[in-house]
Amino acid sequence: MTDGASAQGLPASVTAPYQEYQAAIEAGDAAALLDAARRAYEAGEAARIDTLTLATLAENYGFAATANQRFDTAQDAWRDAARLSDRGNADPVDRAWRWHNAATIALQNSDNDDAYACSRNAVQALEELDGDYSEASDFAADAFLTRSMVAMGRGRISDSGAAALQAIGLFERHLDAPDTRYGLALLYAGVSQTLDQEFELATYSLHMARDVLSDVSPGHSNAATLQAALTSARLNLYHDDEAETEAAFARLYDRLAANRFHAERYSEPEDVRPVAEQAEAEERPCCDAQSLVRREPRYPEDALWSDLDGVVYVRFDVTAEGRTDNVEVIGAFPPGVFDQASIRAVRNWRYAPATRDGEPVSRENVETRFDFRIAR
């Protein structure tokens, strides 16, 4: 999208550097590209040329700055291009493209506040297309994924989940094979569905995410969090009525079988529990630890006033005396916001200890999940 500006009808102060910009593209000269793009954009501002042409020159400047890894400059230029596009009532695809690039570069610069705002504007522009993303098919899925990721990091988990589902649909429509982006969209959707207590949907999303990421991105930084999230969600598929449990898992496997990526690449275990869960069950004491005192964590005031939601996955041991020990956060969304409140809560829990042959023993690697959601 760097060739949309036409030199026709523009003052010489703009056309000269713009022509140099085109020549630099043909020559593959990145330094000259950046210099010419900057001069063309600045000349356009000074000459007060029409808004949409100036937006294209700003986009060219953002593209050139990105190519030269001048990310601070690129962030300003892409944001200018997007704002000018809004002001000039540009086509929604152009507006979404420019806001998406502004968000991506803001993330590159660790400017999460700007990334959040820009990704919101990108998705709002895409929503004007009423579900027809054919003209934005080369970036729409990434734009929704970027929105999902930054919203999750800001504690806007419902917004994250909605954007993740849009990204998943587009990835499934356009990808030839699953990739890391698809796996992350599934993870964010699953976390949001967990907070909504849609556990069958959450288990499906997280199951898919685990299979995809373990395949295409082994050792991914979210692997431990993902496994904890999947274990937590699928526990809710077990019911006192065995027939209900079997029906819930049957629906899960029907969903997995209907996903073309899963049907093509991944097989199902014979047992409804992963092998790791079966092995752990065999090692457990005959009489597991039973909760006696379990108070939920307090909602952190900063998070409450900031209107943040969150999910935290915690692992801990129960000693032979019934106290908790080795409390640690496996993963959290958003990270760092609700961690300490969760740890403090678990440290105060008390249990009737596990027993083996009638004697109290320690119980290791107990996991739990805390949902933080403000009533709205």
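See the structure printed just above.
Reading guide: rules and limits
- Residues numbered from 1 in each chain as written.
- Predicted model: local features only at pLDDT ≥ 70, side-chain atom pairs only at ≥ 80, totals over all residues.
- Heavy atoms only, no water.
- Phe/Tyr/Trp six-rings, centres within 6.5 Å; stacked < 30°, edge-to-face > 60°.
- Helix = DSSP H or I, 4+ residues; strand = E, 2+ residues; numbered from the N terminus.
- Buried < 20%, exposed > 50% of the residue type's maximum accessible area, 1.4 Å probe, protein only.
- Lys NZ or Arg CZ within 6 Å of the ring centre and 35° of its normal.
- Core = buried A, V, L, I, M, F, W, Y, C linked by side-chain atoms within 4.5 Å.
- Contact = heavy atoms within 4.5 Å.
- Pairing = 2+ DSSP bridges.
- Axes fitted to C-alpha atoms, helices over the stretch in contact; angles between N-to-C directions.

This model, assessed by the stated rule, comprises 15 aromatic pairs. Seen from their ring centres, Phe-249 and Tyr-253 are 6.5 Å apart, and the 35° between their planes marks the pair as tilted. With Phe-249 and Tyr-253 both in helix α12 (residues 242-258) and 4 residues apart, the pair spans about one turn of that helix. A single burial state applies to Phe-249 and to Tyr-253, both of which are buried. The side chain of Arg-147 reaches across the aromatic face of Tyr-116, ending 4.3 Å from its centre. Here the guanidinium or amino end of Arg-154 rests over the ring plane of Tyr-116, the centre of that ring lying 4.4 Å away.

A few words now on the nonpolar core. If you look at the biggest cluster of nonpolar residues, it comprises 90 residues, and the most contacted ones within it are Leu-126, Phe-139, Phe-144, Phe-171, Tyr-182, Leu-187 and Tyr-188. Among the elements that line this core, the one with the most residues is helix α9 (residues 180-195), at 9 residues. Ignoring any residue separated from it by four or fewer positions in sequence, one finds Phe-171 in contact with Ala-141, Asp-142, Leu-145, Arg-181, Tyr-182, Ala-185 and Phe-261. Listed in part, the 20 residues of the second largest apolar core include Ala-289, Ala-303, Val-314 and Trp-349.

Our focus in this paragraph is the sheet that holds strand β7 (residues 363-372). Here 3 strands make up an open sheet; going across it, the order is β3-β2-β7 and the pairing antiparallel. Looking at strand neighbours, the two that pair on one side only are β3 (324-333) and β7, the edges of this open sheet. For this sheet, the mean angle separating the axes of adjacent strands, direction not counted, is 20°. When strand β2 (residues 310-318) meets β3, the two strands line up antiparallel, connected through 7 bridges. Looking at β3, one finds that Val-312 is bridged to Ala-332. Helix α16 (residues 339-347) rests against β2, β3 and β7 of the sheet, and its axis sits at about 150° to β3.

Glancing now at the environment of Thr-146. Along the chain, Thr-146 falls in helix α7 (residues 140-153). Among the residues examined, Thr-146 registers a relative accessible area of 9% and is labelled buried. Once the C-alpha coordinates of Thr-146 and Val-123 are considered, the two residues, 23 residues apart in sequence, prove to be 9.5 Å apart.

What follows covers the environment of Ala-36. Its place among the elements puts Ala-36 in helix α2 (residues 30-47). Considering only alpha carbons, one finds Ala-36 and Ser-342, 306 residues apart in sequence, at a separation of 54 Å. Not counting residues up to four positions away in its chain, the partners in contact with Ala-36 are Pro-17, Glu-20 and Tyr-21.

What is shown is where atoms sit, not what they do.
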